[in-house]
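# Examining the three-dimensional arrangement
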Amino acid sequence: YDFEGPVYYRPGEIVKDHSLIRIDDTFHLYFIVVGINGEKSFGHATSPDLRHWTRQPDVFFAGPEAWDAAAIWAPTVVRYAMDPRYFIMYYTGVNTYYAQRMGFALTSDLKTFYKAPSASYPPFYGDTSWMYWYENQWSNYRDPGFFRENNTCYLVHTAHTWAWKGAIALAT
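These figures come from a predicted structure and were not determined experimentally.

## Things to note about the overall build of the chain
Check the secondary structure of the chain and you find zero helices and 11 strands. Each helix (α) and strand (β) of the chain, taken in turn from the N terminus, gives the series β-β-β-β-β-β-β-β-β-β-β. Computed over the C-alpha atoms, the radius of gyration of the chain is 16 Å, within 12% of the 16 Å expected from 2.2 N^0.38 for a compact globule of 172 residues. C-alpha extents for the chain along the principal axes are approximately 45 × 40 × 35 Å.

The following block contains the structure:
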């Protein structure tokens, strides 16, 4: 590995938690943009070769609902298995108490993501029989990772147990 090679960097922009997906001949990089008001948007950059980047407009924003109004973290973008014309972005939404949930958004153009309506697709968190989670205090359920095996889709997330030990939660 060449860790001294070119990187995505824009002076004055803080970039965190990212997702990289290649579609045809273009790499799409999605990441948290840390702004003056916190981590409230996901940036987007494209590259033909992972060395030369073009910054695109931000693709997704926190809020307006309370469950993800304080911050959004850890975008994970994957092709939608049921219809390859679409892509899903799984992400962590954070409320004002820093309680974290998973939500998702859809796109067909990789430029504008549409948040799934909470009434139809409620943001979720793990099983509280083993996982520490409260709506009104810091509660970890973040950093989604997606994979598919034998036609089953899986999401993994970082969580804390009731004994306050780090854990990885699995959802199918």
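## Regarding the environment of Ala-169
By secondary structure assignment, the location of Ala-169 is in strand S11 (residues 166-171). As a C-alpha pair, Ala-169 and Tyr-90 span 79 residues in sequence and 15 Å in three-dimensional space. Not counting residues up to four positions away in its chain, the partners in contact with Ala-169 are Trp-130, Tyr-141, Leu-155, Val-156, His-157 and Ala-159.

## Regarding the nonpolar core
Counting residues in each nonpolar core, the largest one holds 20 residues, and the members touching the most others are Tyr-30, Phe-42, Phe-60, Val-77, Met-89 and Phe-113. For this core, the element with the most residues is strand S5 (residues 71-79), which contributes five residues. Those residues within four positions of Val-77 in sequence are excluded, and the remaining contacts are Ser-19, Ile-21, Tyr-30, Phe-87, Ile-88, Met-89, Leu-110 and Phe-113. By size, the runner-up hydrophobic cluster in this structure holds seven residues, among which are Ala-99, Met-102, Ala-159 and Ala-169.

## Focus: the sheet that holds strand S4 (residues 54-61)
Spatially, four strands are ordered S1-S2-S3-S4 in an open sheet, and the strand pairing comes out antiparallel. Edge positions in the sheet fall to strand S1 (14-23) and S4, since each of these pairs with one other strand and no more. Direction aside, the axes of adjacent strands within the sheet are offset by 25° on average. In this structure, S1 lies alongside strand S2 (residues 26-35), joined through nine bridges in antiparallel fashion. From the neighbouring strand, Ile-21 faces S2, where its bridge partner is His-28.

Reading the values: rules and limits
Residues numbered from 1 in each chain as written. Predicted model: local features only at pLDDT ≥ 70, side-chain atom pairs only at ≥ 80, totals over all residues. Heavy atoms only, no water. Helix = DSSP H or I, 4+ residues; strand = E, 2+ residues; numbered from the N terminus. Rg over C-alpha atoms; globule rule 2.2 N^0.38 Å. Contact = heavy atoms within 4.5 Å. Core = buried A, V, L, I, M, F, W, Y, C linked by side-chain atoms within 4.5 Å. Buried < 20%, exposed > 50% of the residue type's maximum accessible area, 1.4 Å probe, protein only. Pairing = 2+ DSSP bridges. Axes fitted to C-alpha atoms, helices over the stretch in contact; angles between N-to-C directions.

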